[in-house]
Every structure is written in C-alpha cells, then in structure tokens.
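Below, each chain spelled out in residue letters.
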Amino acid sequence: MKYRTIGSDPATRREVSVLALGTMLFGSVTDEKTSFAILDRYVEAGGTFLDTSDNYAFWVDGGQGGQSEELLGRWRRSRGVGDEVVVATKLGARPLAPGTSYTDNAEGLSAKVIRESAERSRERLGVERLDLLYAHIDDHAVPQRETVEGFAALVEEGTVGLLGVSNQAVWRVERARALAAAAGLPGYEVLQYQHSHLRPRWDVPSELFPDGSLGHAGPELLGYLRAEPGLTLVAYSPLLKGAYTRPDRLPQDYDHPGTPARLAVLGEVAREAGATVNQVVLAWQLGGELPVVPLAGVSSVAQLEENLAAVDLELTGDQRARLDAAH
C-alpha cells in the first residue's frame, strides 16, 4: 500500500492509504459476513481510509439510512480498530422521514442538523471524533455562513477532524472556503466528486441537478485543484459501478462520441500492461499530477483484490499521455 496526506493543519491532517474503500452498501445489500471479510482484507493490505454516510443506504429499504455506519461500528468494536483507520462520513442528505429522499426531504445543512447528525454518526460508528466529515449535498435554504460556522464549531470542539464537501458547485465551495478563511475558521479541504477516465456530459439535468451535473469533477473543479494545492479530490465511483466490464451499465450521460475513443485506449493500455481495465483506470488516477484518492466500493473480496493490485501498477509516460489525450 501507498499513502498520502490529506489536510494541512498539523492538528487535523491525516495520512491515508491512496485507495479508499467505499462502504455504501455494507449492512444492507452486502451482508455482514461479506462486509467484514472485505474490511478485514482491506486493512490487512494496509488500507486505512473508509468512506460512508449517515444516509447509506436509505433507498434499499425505504428508510432513512444508517446501516453502513452501524455495520462499521460493529466491525470496529469486534476487531478492536482504533484511530489508525480513518473513517469519513457525510451529512446533509439523510431523508427526514422514511419513504422520502434527499431530493424532496433532506435533513439539510443548518447548524442544528450539523451538530445533531454528527453526534448520531459518532454514536453509530462508535468514535469520539469523526476523522473527516463532508457536507454531502448543498442546502440553499440555509445561509452559507451558518453552515460554515456549524462545521467549524465541531472542529474547534474536537469532535470532528477534517472537513469536506461533495456535489456542490465550485463557486459555492470557494465561497464557503472564503467565508471560513475570513473568519479564521477551518474550512473544506477534501472534495468528493465523481471522477473516472470516461467523461460524462455535464449538461444532462437530473432531479438533484436541474441545470446539469454538479456531482462530477469537471474542468472547473480540476482547475480549482490545480490552483489550490492544499486540496484533495476523493473520486467516487471511479469504476462506474462495473460499467467498464459491463457496458450495459454505462449511464446515459456517457453516451457520446468521446466514450468509444477513451474505451479503446483503456483496452490497449490494459493489454500492454497485463492488467485489467479497472486497474488501469485506478492507476491512471493514482499516478496523475493532481492529488486524487480513488474511492471504490466492492461487493466481494475478489473485487477488492483486483483494486488493490492497481496501487502497484505503474503506467509509462507514453501510456499516460495516450490516456489523457483520448477524446
């Protein structure tokens, strides 16, 4: 395993494995025995960066979520895991009532919700401090200053370490960070967005993003990372939920002329490297010039083993240039 540092403040920054493990479906779709086996193998291989959310996985049973955090709490207690494993969680998108969703009834990002939801996450996870806490989705109904101050208060109290943000417009992220900096408060340092080798259309509207996707790491976000070297991108769904090996799973917003060209180069490089396409995608992210931590979920130990092998896959300069240039 290899490691990188996230965060800048010596009091809160953490060294984490370069490959993060997503646990979205642990405790729901993925049963406890399998989840524990995956977690055990990940830690045995040197993995130290787990990702969850307070709303995972509400859509499975029509509830409000919490299954993933609860499972991680049981696993931590049963294995005696301490703060050597960094657990990141999120708040803001938990449905306020069963049968609803984050698009119509989200908990939001008020100071009250931030405090109460973070406390519930700590209880489910069995930790005194959340290593990394994200604002999961934006909340335009709450003044941004209130959200910034709400998160910062938990850092100052010591119940939260690092702060992160996900699925928000870049201008909103920058405004929040500017508010925090002007007030001398801790701000977002980790950005979690969907990012992979295939590029989607950014203009496809959805229920959450009526003007087009704000959840993908597009050119503005990548440019922001170049300008702010203290930030880290945690790239969720880097393997597009299995779509690289199952093209029928490829979302509609990837159906455009650039996709076949990038798939063709991925296949060429995979054959040259004696690796799988999934491993090439992860290695491409891991070895790039921007600080990217792939966040990949798995449903079996075999899938995890494939991903772990990507950490030691070194792409040549020529291979990387071809992957970058394909369009």
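Structure's up top.
A brief look at the structure comes next. (Residues numbered from 1 in each chain as written. Predicted model: local features only at pLDDT ≥ 70, side-chain atom pairs only at ≥ 80, totals over all residues. Heavy atoms only, no water.)

Section: the packing of helix α9 (residues 277–286) against helix α11 (residues 317–325)
A pair of packed helices is captured by two measures, namely the crossing angle of their axes and the spacing between those axes. Rule in force here: To define axes, lines are fitted to C-alpha atoms, for helices over the stretch in contact only, and angles between the resulting N-to-C directions are given on a 0 to 180 degree scale. Secondary structure elements are defined from DSSP: runs of H or I of at least 4 residues count as helices, runs of E of at least 2 residues count as strands, and each element is numbered from the N terminus. By the definition adopted for this analysis, an angle is roughly parallel if under 35 degrees, roughly antiparallel if over 145, roughly perpendicular if from 65 to 115, and oblique otherwise. Whether two residues are in contact is decided by their heavy atoms, any of which lying within 4.5 Å being enough. Ten residues, namely Ala, Val, Leu, Ile, Met, Phe, Trp, Tyr, Cys and Pro, are considered nonpolar, four, namely Asp, Glu, Lys and Arg, are considered charged, and the remaining ones, Gly among them, are considered polar.
Closest axis-to-axis distance for the α9/α11 pair is 11 Å, and the angle between their directions is 95 degrees. For the element pair α9 / α11, the angle class is roughly perpendicular. Residues Val 280, Ala 283 and Trp 284 of α9 pack against Arg 320, Leu 323 and Asp 324 of α11. Partitioned by chemical class, the residues of the contact of α9 with α11 number four nonpolar, no polar and two charged.

Comments concerning the packing of aromatic side chains
What counts, and what does not: When two rings of Phe, Tyr or Trp (its six-membered ring) have centres within 6.5 Å they constitute a pair, described as stacked for plane angles under 30 degrees, edge-to-face for angles over 60, and tilted for the intermediate range. Under the scheme applied here, a residue whose accessible area is under 20% of the maximum for its type counts as buried, over 50% as exposed, and between as partly exposed, the area being computed with a 1.4 Å probe on protein chains only.
Using the criterion set out here, one finds four aromatic pairs in the structure. Ring geometry for Tyr 56 versus Trp 59: centroids 6.1 Å apart, planes at 75 degrees, classification edge-to-face. Owing to a relative accessible area of 41%, Trp 59 belongs among the partly exposed residues under this scheme. Between Phe 58 and Tyr 102, the aromatic rings sit 5.9 Å apart at their centres with planes inclined by 85 degrees, giving edge-to-face as the arrangement.

Remarks on the sheet that holds strand β5 (residues 86–91)
Using the following cut-off: In short, DSSP must find at least two bridges between two strands for them to pair.
Here we have eight strands rolled up into a closed barrel, ordered β3-β4-β5-β6-β7-β8-β9-β10, and parallel in their pairing. The average undirected angle you get between the axes of adjacent strands in this sheet is 30 degrees. The pairing of β5 with strand β6 (residues 130–135) spans four bridges and is parallel. Looking across to β6, one finds that Lys 90 is bridged to Tyr 134. Each of β9 (232–236) and β10 (292–297) is contacted by α9, which is oriented at about 150 degrees to β10, the strand it contacts most.

Overview of the packing of helix α8 (residues 258–273) against α9
Viewed as axis vectors pointing N to C, α8 and α9 meet at an angle of 100 degrees, and their least axial separation amounts to 9 Å. As far as their axial angle goes, α9 and α8 are roughly perpendicular. Across the interface between the two elements, Arg 262, Leu 266, Gly 267, Val 269 and Ala 270 of α8 pack against Val 277, Val 280, Val 281 and Trp 284 of α9.

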